[in-house]
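# Overview (structure and organization)
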Amino acid sequence: MSRLKETALLAAILSISLLSCKKSDDVNPPVEHAPRLSVRLTEQYLQGSNIDSAWVTWKTDDQIQRIGMQLRKDSLIADIHQLKEGVGELKIHLFSNKKINNQYPTQWVLTKKINLRHASPASYAGPVSFFDSAWLPRVALKDGIGHKGTVGLRPEDPYFLIEDLQPALYSLTVDKGYWNTIGGISWGGGKTWTCAGECIRNRKTIEDESFFGDIPGRIGAKSWNHISIVILYEIDKNGGGWTLSLEYEP
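Note that this is a predicted model, so its numbers are computed, not measured.

Moving on to the sheet that holds strand S6 (residues 86-100). Strands pair in a sheet through their backbones, by hydrogen bonds, and they do so in one of two ways: parallel or antiparallel. Strand order in the open sheet formed by eight strands is S3-S2-S6-S7-S9-S10-S11-S14, with antiparallel pairing between adjacent strands. Whereas interior strands pair on both sides, the edge strands pair on one side only; in this sheet they are strand S3 (64-68) and strand S14 (206-208). On average, adjacent strands in this sheet sit at an angle of 15 degrees to one another, irrespective of strand direction. One ladder, built from five bridges, connects strand S2 (residues 51-59) with S3; its direction is antiparallel. Residue pairing across strands places Trp-58 opposite Gln-65, the latter belonging to S3.

A pair can form between side chains of opposite charge whenever their charged atoms are brought close. For the structure on display, the rule yields eleven salt bridges. A salt bridge links Glu-198 to Arg-201; its shortest N-O distance comes to 2.3 Å.

The next point concerns the confidence of the model for the protein chain. Mean pLDDT over the protein chain stands at 88; residues scoring 70 or higher make up 86%. Note that pLDDT drops below 50 for residues 1-33; the model gives that stretch three contacts with residues more than four away or on any other chain.

Let's shift gears to the nonpolar core. One finds Leu-37, Ile-92, Leu-94, Leu-172, Ile-231 and Leu-246 to be the most contacted residues of the largest nonpolar core, which totals 53 residues. A per-element tally of this core places strand S7 (residues 104-116) first, with five residues.

What counts, and where the lines are drawn
- Residues numbered from 1 in each chain as written.
- Predicted model: local features only at pLDDT ≥ 70, side-chain atom pairs only at ≥ 80, totals over all residues.
- Heavy atoms only, no water.
- Pairing = 2+ DSSP bridges.
- Helix = DSSP H or I, 4+ residues; strand = E, 2+ residues; numbered from the N terminus.
- Axes fitted to C-alpha atoms, helices over the stretch in contact; angles between N-to-C directions.
- Salt bridge = Lys/Arg side-chain N within 4 Å of Asp/Glu carboxyl O.
- pLDDT = per-residue confidence, 0-100.
- Contact = heavy atoms within 4.5 Å.
- Core = buried A, V, L, I, M, F, W, Y, C linked by side-chain atoms within 4.5 Å.
- Buried < 20%, exposed > 50% of the residue type's maximum accessible area, 1.4 Å probe, protein only.

In structure tokens:
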């Protein structure tokens, strides 16, 4: 075979080989193998369109880290390599436009004790109902003059956060109650937290994760279907002031 024919044949073979490789790449695009921290959302309850923002808190013995999550199709993802490896407490916070009583936005919190490793992805299912045992729902109450409070909705979530407190406030009260309204009205259980005087002076924010922790024991085996939350801002000893409140049946 002449050198000219050999050169032409080699060029043809290389051309076919390159075309084959390109076609193979198009059909089987590169797969991203980087481990991710992810939450898979559901179409039936909390969808991607319901998420305003999401972030992760990772607490180990010597530090607390916080990173944001990004929405990708039907999942929220974060780069697990940004978090320190080891044993600790992982919290995933979802801020949602899914509203209670068509008025107040909700938040969802998942808490896990895990051994985090960069080589191992951590994947969780998103909330599937109000009573999803893995996630705790919270409500963000707000009025038109700047009062803001976030409160855990289910009895097993004692959390509350009161923000942007005014210096002239006389006292602050947070009340959580659970009722049964089927076949009449009966009390299930609840508790009232109050802060006044030195307790509230010069504080802009009050956050608590323990005071309401005994509500499940107060309710015991009693059934409930109605949640009542009241945040009372008193500006004088006569009881004048403002109220944030929620009555809700999940």
